[in-house]
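What the coordinates show
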Amino acid sequence: MSCGNPHEVDCVEIFHRVDVYLAQDYDETTCIEVRQHLEECRPCLERFDLYEDVKKLVGRCCGGEVASVEFKQRLRAKLAEVEVEVTTRETRLP
């Protein structure tokens, strides 16, 4: 995923950092980079907002249960596949 505009931190890299950013596990410099990118990049902000909403919904529905590391890895891999499919479709649009 990329919006096509140059950023200090690439769109793809931002979404590698989103989970940890939402958990507030990053140092302040990284948080500033993520926030700055989201302020500059509307497509990433929209995807971030959706991702954050889904994460909150899942958290409420699961009653605070914590997913295993293996499940998180499988889910991230599946989301990456979907992202590639969406990006591929977007590049084919006229």
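Look above for the structure.
A brief report on the enclosed structure follows. The structure presented is a predicted model; accordingly, all values stated were derived computationally and were not measured.

Another aspect to go through is helix H3 (residues 42-61). Three or four residues apart is the spacing at which side chains of an α-helix point the same way, because the helix has 3.6 residues per turn. Compared with an ideal rise of 1.5 Å per residue, which puts 20 residues at 28 Å, H3 spans 29 Å between its outermost C-alpha atoms and is within 8% of the ideal. Positioned one or two residues after H3, Gly63 has a phi angle of 60°, which is positive.

So, on to the pattern of salt bridges. Under the definition given, this model contains 3 salt bridges. For the salt bridge of Arg42 with Glu46, the shortest nitrogen-to-oxygen distance reads 3.0 Å. Of this pair, Arg42 and Glu46 are both found in helix H3, 4 residues apart, which corresponds to roughly one turn of the helix.

This part takes up the side chain of His37. Of note, His37 is situated in helix H2 (residues 28-40). Setting aside anything within four residues of it in sequence, one finds His37 in contact with His7, Val9, Asp10, Cys11, Ile14 and Cys44.

Below, the discussion takes up H2. In a regular helix each residue adds 1.5 Å, so 13 residues correspond to 18 Å; H2 covers 18 Å between its end C-alpha atoms and thus fits that length. Within H2, burial applies to Thr30, Cys31, Val34, His37 and Leu38. The buried side chains of H2 occupy one side of the element, clustering within an arc of 130° when seen end-on. In this structure, H2 carries Glu28, Thr29 and Glu39 as exposed residues pointing more than 90 degrees from its buried face.

About the criteria used
- Residues numbered from 1 in each chain as written.
- Predicted model: local features only at pLDDT ≥ 70, side-chain atom pairs only at ≥ 80, totals over all residues.
- Heavy atoms only, no water.
- Helix = DSSP H or I, 4+ residues; strand = E, 2+ residues; numbered from the N terminus.
- Expected span 1.5 Å × (residues − 1).
- Salt bridge = Lys/Arg side-chain N within 4 Å of Asp/Glu carboxyl O.
- Contact = heavy atoms within 4.5 Å.
- Buried < 20%, exposed > 50% of the residue type's maximum accessible area, 1.4 Å probe, protein only.
- Arc of directions from axis to C-beta.

Just geometry here; none of it tells us what the structure is for.
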